[in-house]
Structure formats: C-alpha cells, structure tokens
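The lines below spell out each chain.
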Amino acid sequence: MGYTMEYQEFLKTKQLKVESSGFDVDISELHPSLFDFQKDIVKWGLKKGKAAIFAGTGLGKTYMQLEWANKVCEYTNGNVLILAPLAVAQQTVHEGEKFNITVHLCRQQSDVKDGINITNYEMLHKFDIDSFIGIVLDESSILKSFTGKVRTQLIEDFQEIPYRLACTATPAPNDYMELGNHSEFLGVMSVVEMFAMFFVHDGGDTAKWRLKGHAVKEFWEWISSWAVMLSNPRDLGYDGEMFDLPELRIHEVQVDKTGYVVKLAQTLTERRDARRSTIDRRVKHAADIANSLNEPCIVWCDLNEESDKLTKSINGAVEVKGSHDNKYKEDSLTGFSEGKFNVLVSKPSIAGFGMNWQHCSKMIFVGISDSFEQYYQAVRRCWRFGQMKEVDVYIITSVKEGAVVANIKRKEKEFNKMLSGMIASTQDFTKKNIKSTQQVKDVYAMDTKEGVNWKMNLGDTVEITENMQDQSVDFIMFSPPFSSLYTYSNSTRDMGNCKTDEEFASHFNYLAKHLFRVLKDGRLMSIHCMNLPTSKVRDGYIGIKDFRGEIIRLFMDIGFIYHSEVCIWKDPVTSMQRTKALGLLHKQIKKDSTMSRQGIPDYIVTFRKPGINENPVTHTNESFPVGVWQNYASPIWMDINPSDTLQKDSAREHEDERHICPLQLTVIQRCIELWTNERDIVFDPFGGIGSTLYQAVIMNRRGLGNELKVSYYEQACKNLERADRMVRAPKQVGLDYSYACPSQSTLDEV
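Quantities reported herein were computed from a predicted structural model and do not represent experimental measurements. (Residues numbered from 1 in each chain as written. Predicted model: local features only at pLDDT ≥ 70, side-chain atom pairs only at ≥ 80, totals over all residues. Heavy atoms only, no water.)

1. Re the pattern of salt bridges
Stated formally: In the sections that follow, a salt bridge refers to a side-chain nitrogen of Lys or Arg positioned within 4 Å of a carboxyl oxygen of Asp or Glu. The helix count covers DSSP runs of H or I at least four residues long, the strand count covers runs of E at least two residues long, and both are numbered beginning at the N terminus. Only protein chains enter the calculation, and the probe is 1.4 Å; a residue is then buried if its accessible area is under 20% of its type maximum, exposed if over 50%, and partly exposed in between.
The tally for this structure, following the rule as stated, stands at 32 salt bridges. Put simply, E305 and K309 hold a salt bridge, and the shortest N to O gap is 3.2 Å. Of this pair, E305 and K309 both sit in helix α11 (residues 304-313), four residues apart, roughly one helical turn. The exposure class assigned to E305 is partly exposed, which follows from its relative accessible area of 35%.

Put into structure tokens, the structure is as follows:
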C-alpha cells in the first residue's frame, strides 16, 4: 500500500546541503607556523574543495590561502592561480617566502610555472584558465566592484575548475549580494536562486530584500556549509586574546568652525560642493599634521584635486591615483610597505584593500566618501593584527558636512552589532562543520486530538494518509500548498518548501495517489486553488503560472475525472493593496499598460473518483430550493465575503511570511451541502486552522484532518472544540443537530 522508505529517501533529497569535493589531510601535515584555528580552517577548506574564508583583517588569510593552494598542488600535481588586487600580489610572494612556499608572480600565461602562481585581477584576460586545477580569489569581495558583465565573466570562467577558494574580510552584514557572489563563484547556488529561496521583498520595493522569517536559521546554516566567518578566533572557540587590537583613536578637525550656525549640506551634491569649497584649508591642516610626524603616515583623499595639492604640500609624499599605470601603482604601494618613503597619498578605492601596513599607525582622511566600507577597509590597512601601537585617525572636514565623525561612529556601531549577530548566527554551525560533527536535525512532532465529531492529526500528511484505509472517506476538500520556500515553516516535510516546481510536484504526488485510494468510489474531491503570479527574481519573468491547470492535469493522470469548477471573484483593489503587484498598480497604466493585468481569482476545482457511489447524496425541493441551486450552479460566485473565515491570528507565527488565508466558510458550506450527506466523513489533508472540519462538524458531518505545523494544529483544535460547543448548544437556528453522534471508533478506523 505504501512507500515509506521511498518517501524518506525523497525527503533527504530536499535537504539543503553542499557536497564536499576535496580531500582529507592530516592536521600534522599542515605548516607548523599556522595557528590552531588556521590549521582547522585550511583542513576544512581542503575537504570541501570549494570554500570561502570570511576572516577579519589580520587573521592570516594570506597564510591560510597559501597553505591551501600548496596542498592542492601537492595532491593534484597541478597548478593553482591566485588572483589579488594591485600590489597585493607582490606582498603575497613575500609572505610565501616566510613559509618557504614559492609563489610565482605572473603577468601572462607564459610566466606560469609549476605550483602556485599569482597575478592581479586586471591581468586575468592574459591567462588560460583551463590550465589551472585550482583558483584562489584574494580579497574576493572585489567581485562586487566589477561591472555586471565582468563579474559574470569571472564567475563563469571558473566553473570548470575543481578547487576554488575565496578569501576576504567579513562581509558587510546587510550585503547579501556579496554572499551571493561568493556562492555563485564556488558553484554552490546562483545569486538569483539564493534570493528566490531565502529572501522576500516587502510591498512594491523589489530592490530591498530581507530574509524570510523561517529561513533565517537555514540561511546561515547553508552559508556555514561552504564558508567560515570570524572576526576573532574566539568566535569559533579558540584563544583569541593575542588578536585583540590596540586602541583606535579618532580625531575630528573642522577647518571652518566659527561658532555661528551654518546651513548643513543635505544631498550628495551639496556635500561635494562643501568639500570643494574648503579643499585648500583641509589640505593645509593635513599637511601640517603629516609634516609634523617623523613616521609613516597614509593620507586618504576623495577628490583628484585633493590628491594633487596634498602631494605638493607634504614633504616626501608619494601619490598613487587611478590614472597611473599599474606598474607605477604596484611599485609605489610596495615601496611604502618596504619603508622607502614615509607618506602615501591615495584614495581608499585604489589602495584600501588587501595591503598589510602594520608598520604605520597614523592616517589622515582629507575627504571621506559616503561608503562606510571604504572607510572601514582603509582604517584596517593599519589597525589589524600585528599592529603594536595605538592607531590615530585624523578626519578633516568642513562644518557644512555635518557631524561626520559622529555619523561614522554610528555606522560603525551598527556595523559591529550586525556583524556580531551574523557571526553569532553562523558560529555554532561553523564549529560543527570545521570539527566535522553531525548537524542537529529538525524536530518533527506528532500528536492526535479528538472531539465529538472530529479527529485532528499533527504530523506529515503523506505518512498519515498512507496509513488510512482504502475507500474510507466520503468527501475531500483542501487548499494545497505551492512551492515557496520557508513561507510557513522550515521543515522538509512541508510541501511548500521545495526549490523548484518539479520538486513540489514530486512531493505532492506522494499524497495525491493516496487521496485517490482513500476516497470512496463515485465520490468527490474539491480543491481550492489559484493561479500564481511569477516574479523576475524567482522565475525570470513577470507573468502568471497555471497552477490550477497543473493541479487538474496531476489528478487526471492519477485517475480522477475532472468534474467541475467554479471561479470565485476577488476584489483587485484589495489584492493590489495587499501585494503591490506591478500589473494591478494604476501608475503602471500611465507608464506602460502592456504590463497591466486583471486580478487573479480563486477556483474550486472538483474531481470525481470513477465507480458507482453506493450512498447517493439526495436533496428535496425544501432542503435545496431551485433559487439556491441556480446560485450554486453559477460558474462564477460573486457573493463570497472574503472575511467569512475562522479566527487565525493566534496561529500565525512571527516568522510566517504570509498571513494565513483560510478558505471562506461559505465556500466550504456550499460544497459540503451540495456533495455530502449528514454523517459523511469530510477529510482535509492540509487541515490548517481547521476551517473545513469546523464547517463539517456544524453541518452534522464528521471531520478528519492532518496538519504539519504545530501552531496551526493547536488553533485548529481550539476551533473544533468551539464547533463541538455550538453543536451541543440548543436551538441553533437553521441547523438540525438532533442526530446520534457516531462512535469515536468510526473515525479511528479511517
């Protein structure tokens, strides 16, 4: 009768997991100079084969990636290519020398030698990617700085390389696109798939995405299956005391402070104008500070004019700007690293990533862009592990720019708070992954509760229905789920939690075959459904998916007869206000009405099981007047009140992404009245909050339902207990409850 083992195997395929494709190494084989946490991360990365290391500045990403690349070369006897920002390539060569790991600096394919090779991102087009067995992206967050076309090309070029490692500082906590870029580079999941699976946008602003409530745990668990994230080794349970940084001292200098009230710049253009009008004064202040120092100093600027004037005003300053050729940039940045000169003038967008300048503890910002990340990365060139002194940061601004430092500190506080939350979300999973321990499995609850004329089961509807007797129910009515991950729960048993429509169809089929089996011959099954709007992110286009048609074809293939359907009118204004669907917005008419559409109605699609109905459902002129029948027989029901539903708010959990939309009681009442006899068993395999069973009970039928979600099950039981009280209450207008209740064993035998 059943397929329990087959179904269990199917559920395993729904689990979101990233397969390892690497190899094992003994921890003793790794370089002895690595810290314990670095060894464990390298071992994990080699086992995964494709992995990302998101580690705070100064935690030794370079050493970890070099040892990873070294072991890949040894294991495969192939070559590895490291891509790095400008000047970081030469720095990595020097770091390799400390570990006795040879790294070949290359500018084109002819420079490649056996083992580890490194080049700048700008040189990639001069290399034959297929000649490498492994690829390492150093400062891999740089992916997002490329244009969409270049980023896509970078990702696509590496898809056939078996060993891939991405290394960068901890990503911005609200920059999910950066995480998506890394996932796509590693071949785990595309950016589009990631957003469709874990995220939702609220209202009409499709540019703002947030994690679905039920997806939060699963998202970070998924991230932790291919990435390690830490800002300090203690995040993962290691001793991190030696990685605590010295004090960071921020000094604000406002060059035009007079004590008078000034009009603050509000827009980006106004802030730029304020900076331009005070360039000379800001440059003078910066030059005075830099010239008073007898030690290395970095002077960061935002405008080319600032850069030119700073270089002329500061003794011995070397300028690096975008118009310089790559060799000059590389030689200059390396020269500063080697102490050949004391003052470097540049922009964070040019020299703010990847360089290790712990020898410098003084920096001056003559202009700050609106990018907090650029500021953060620029400061971290000096304020990082290995820095032995307190770091002084001077920020020179105009009064018109407002409280720049206060704003930076606010953003930094928010950043650190979000970063701590992100790391906290992943650290337990990461610890287990690194130590190769078993993940905690989802809890699956089962229960049964019974009333006078109803029985409600908590659990997987496929397994519960599989154990029901053949031809044991008289009428089936339900609203099916559809593929929309983490909308109502995070369980693999939830049919809605499917990555694709095909996976949903496979899951739903396990139930559909049993629905055919448990329904009596000649009896009916009614399904409440609607066609589904598509989205550009999830489906690649804006349109409508024929979910109703798919339901019809699925049940006809099983053996049901397509019996009838009725369309239920829904107010398009209400739908527009709730969903902000592009096609329903009036402003779209004025923009381009070819994208405008009608609202999407509900349907009740009814199927009949072949065979003879041995218990005909009969009516009289008195019980079913012709006027009532004409209304029921209409192909469109225009008189359904959308608010005619059971209480539902207490069942909705905080993480639910959609409000529970129970079927209107009038719709259920019409179907039950038309197609069932008193004391018939009405079955709802997706019981929800008990709407179908509730209506069945108060209409002298017996209700049987299954529900997976605990909060819905508990609310359903409360609603059904209320139905019991209504049945027992005397003189219920319009309904006859004076029948003998069936014995409880009748439902137990179903």
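Text resumes after the structure shown.
2. Some words on the sheet that holds strand β18 (residues 473-478)
This is how the line gets drawn: Paired strands, as defined in this entry, are two strands with at least two bridges between them according to DSSP. Two residues form a contact once any of their heavy atoms are found within 4.5 Å. Only the stretch in contact is used when fitting a helix axis, every axis being a line fitted to C-alpha atoms; angles between N-to-C directions are given from 0 to 180 degrees.
The mixed open sheet is built from nine strands, whose spatial order is β16-β17-β26-β25-β18-β19-β23-β22-β24. In this open sheet, the two edge strands, each paired with only one partner strand, are β16 (447-450) and β24 (636-637). Both β18 and strand β19 (residues 519-530) contribute to a ladder of five bridges, which runs parallel. The partner of M477 across the bridge, within β19, is S526. Across the sheet, helix α17 (residues 501-518) lies against β18, β19 and β25 (681-684), angled at about 145 degrees from β19, the strand it touches most. Of the strands in this sheet, β17 (454-458), β18, β25 and β26 (702-707) touch helix α24 (residues 691-698), which is tilted by about 170 degrees from β26.

3. Some words on the packing of helix α6 (residues 176-185) against helix α8 (residues 216-224)
We count it as follows: Roughly parallel covers angles under 35 degrees, roughly antiparallel covers those over 145, roughly perpendicular covers 65 to 115, and oblique covers all other angles. Working rule for handedness: look at the near helix, and if it is turned counterclockwise from the far one by less than a right angle, call the crossing left-handed; if clockwise, right-handed. Throughout, the ten residues Ala, Val, Leu, Ile, Met, Phe, Trp, Tyr, Cys and Pro are labelled nonpolar, Asp, Glu, Lys and Arg are labelled charged, and all others, Gly among them, are labelled polar.
Direction vectors running N to C along α6 and α8 enclose 45 degrees, while the axes themselves pass 12 Å from each other. Our classification of the angle between α6 and α8 gives oblique. Seen from above, α6 lies across α8 with left-handed handedness. When α6 is examined against α8, the residues Y176, L179 and S183 are found in contact with a partner set consisting of F219, W220, W222 and I223. Its residues assigned to classes, the contact of α6 with α8 shows six nonpolar, one polar and no charged.

4. Some details on the sheet that holds strand β12 (residues 317-319)
Taking strand neighbours across the sheet as the criterion, the six strands line up as β10-β15-β14-β11-β13-β12 in an open arrangement whose pairing is parallel. Whereas interior strands pair on both sides, the edge strands pair on one side only; in this sheet they are β10 (248-254) and β12. If you compare each strand with its neighbour and ignore which way they point, the axes differ by 20 degrees on average. The sheet contact formed by strand β11 (residues 297-300) and strand β14 (residues 362-365) spans three bridges and is parallel. Across the sheet, I298 pairs through a bridge with M363, a residue of β14. The sheet contacts of helix α10 (residues 279-292) involve β10, β14 and β15 (391-397), and relative to β15 the element is tilted by about 160 degrees.

5. Things to note about the confidence of the model for the protein
Note the following rule: Confidence of the prediction at every residue is given by pLDDT, a number between 0 and 100.
This prediction gives the protein a mean pLDDT of 84; 85% of its residues lie at or above 70. In this model, residues 437-441 is a region of pLDDT below 50 whose contacts with residues beyond four sequence positions or in other chains number seven contacts. Within the model, the stretch residues 731-745 combines pLDDT values under 50 with 23 contacts to residues more than four positions away or in other chains.

6. Focus on the pairing of β17
Among the five residues that make up β17, five are buried, leaving the element largely enclosed by the rest of the structure. Neither face of β17 is left uncovered, since the one carrying W454, M456 and L458 and the one carrying K455 and N457 both have all their residues buried. From the end of β16 to the start of β17, which pair antiparallel, there are three residues. Of the strand pairs in this sheet, β17 and β26 are connected by five bridges, and their pairing is parallel. Looking across to β26, one finds that N457 is bridged to N706.

7. Topic: the state of the cysteines
Quick note on the threshold: Two cysteine sulfur atoms make up a disulfide if the distance between them is within 2.5 Å.
Per the counting criterion, the structure on display carries zero disulfides. Free cysteine: C382, not disulfide-bonded; nearest cysteine sulfur from C360 at 3.9 Å.

8. A short note on α11
Which entries qualify depends on this criterion: This arc describes the spread of directions from the helix axis toward the C-beta atoms.
Buried residues of α11: E306, S307, L310 and T311, and no others. The arc that holds every buried residue of α11, seen down its axis, measures 125 degrees, which confines them to one face.

9. Comments concerning the nonpolar core
This is how the line gets drawn: Definition of nonpolar core: a set of buried residues of the types Ala, Val, Leu, Ile, Met, Phe, Trp, Tyr and Cys, connected through side-chain atoms within 4.5 Å.
F158, F198, F219, W357 and F365 are the most contacted members of the largest nonpolar core, which has 110 residues in total. Considering every element that reaches this core, the biggest residue donor is helix α3 (residues 61-76), with six residues. The residues contacting W357, other than those within four sequence positions of it, are I298, W300, L333, F336, S337, L344, A351, R381, C382, R384 and Q387.

10. Describing the packing of aromatic side chains
Stated precisely, the cut-off is as follows: We call Phe, Tyr and Trp rings a pair once their centres come within 6.5 Å, taking the six-membered ring for Trp, and we label the pair stacked below 30 degrees between planes, edge-to-face above 60, and tilted otherwise.
All told, the structure shown has 37 aromatic pairs when counted by the stated rule. Here the aromatic rings of F35 and F385 are separated by 6.5 Å at their centres, their planes lie at 75 degrees, and the arrangement is edge-to-face. Note that F35 is positioned in the loop between α1 (4-14) and α2 (36-48) and F385 in the loop between α14 (372-380) and β15, a separation of 350 residues in sequence. Owing to a relative accessible area of 30%, F35 belongs among the partly exposed residues under this scheme. Residue F385 is classed as partly exposed on the basis of its relative accessible area, which comes to 23%. For the ring pair F478 and F686, a centre distance of 5.6 Å and an interplane angle of 50 degrees mean the geometry is tilted. Here F478, found in strand β18, pairs with F686, found in the loop between β25 and α24; they are 208 residues apart in sequence, far enough to count as distant.

11. Quick look at the side chain of R384
Here is the rule we go by: Neither His nor the chain ends contribute to the count of charged residues, in which Lys and Arg are positive and Asp and Glu negative. Residues adjacent in sequence count toward polar contacts only when both atoms are side-chain atoms; beyond that, a polar contact is any pair of N or O atoms within 3.5 Å, and within protein one must be able to donate a hydrogen and the other to accept it.
When you line up the elements, R384 lands in the loop between α14 and β15. At 6.1 Å, E139 is the nearest oppositely charged side chain to R384, a buried residue that forms no salt bridge. A distance of 3.0 Å separates a polar side-chain atom of R384 from the backbone oxygen of R380. Among residues more than four places away in sequence, those in contact with R384 are T57, G58, L245, M355, N356, W357 and Q358.

12. A short note on the environment of Y510
With respect to the secondary-structure elements, Y510 resides in helix α17. Taking the relative accessible area as the measure of exposure, Y510 reaches 12% and is therefore buried. Distance in space between the C-alpha atoms of Y510 and F10 is 9.8 Å, their sequence separation being 500 residues. At 3.3 Å, the side chain of Y510 forms a polar contact with the side chain of E6.

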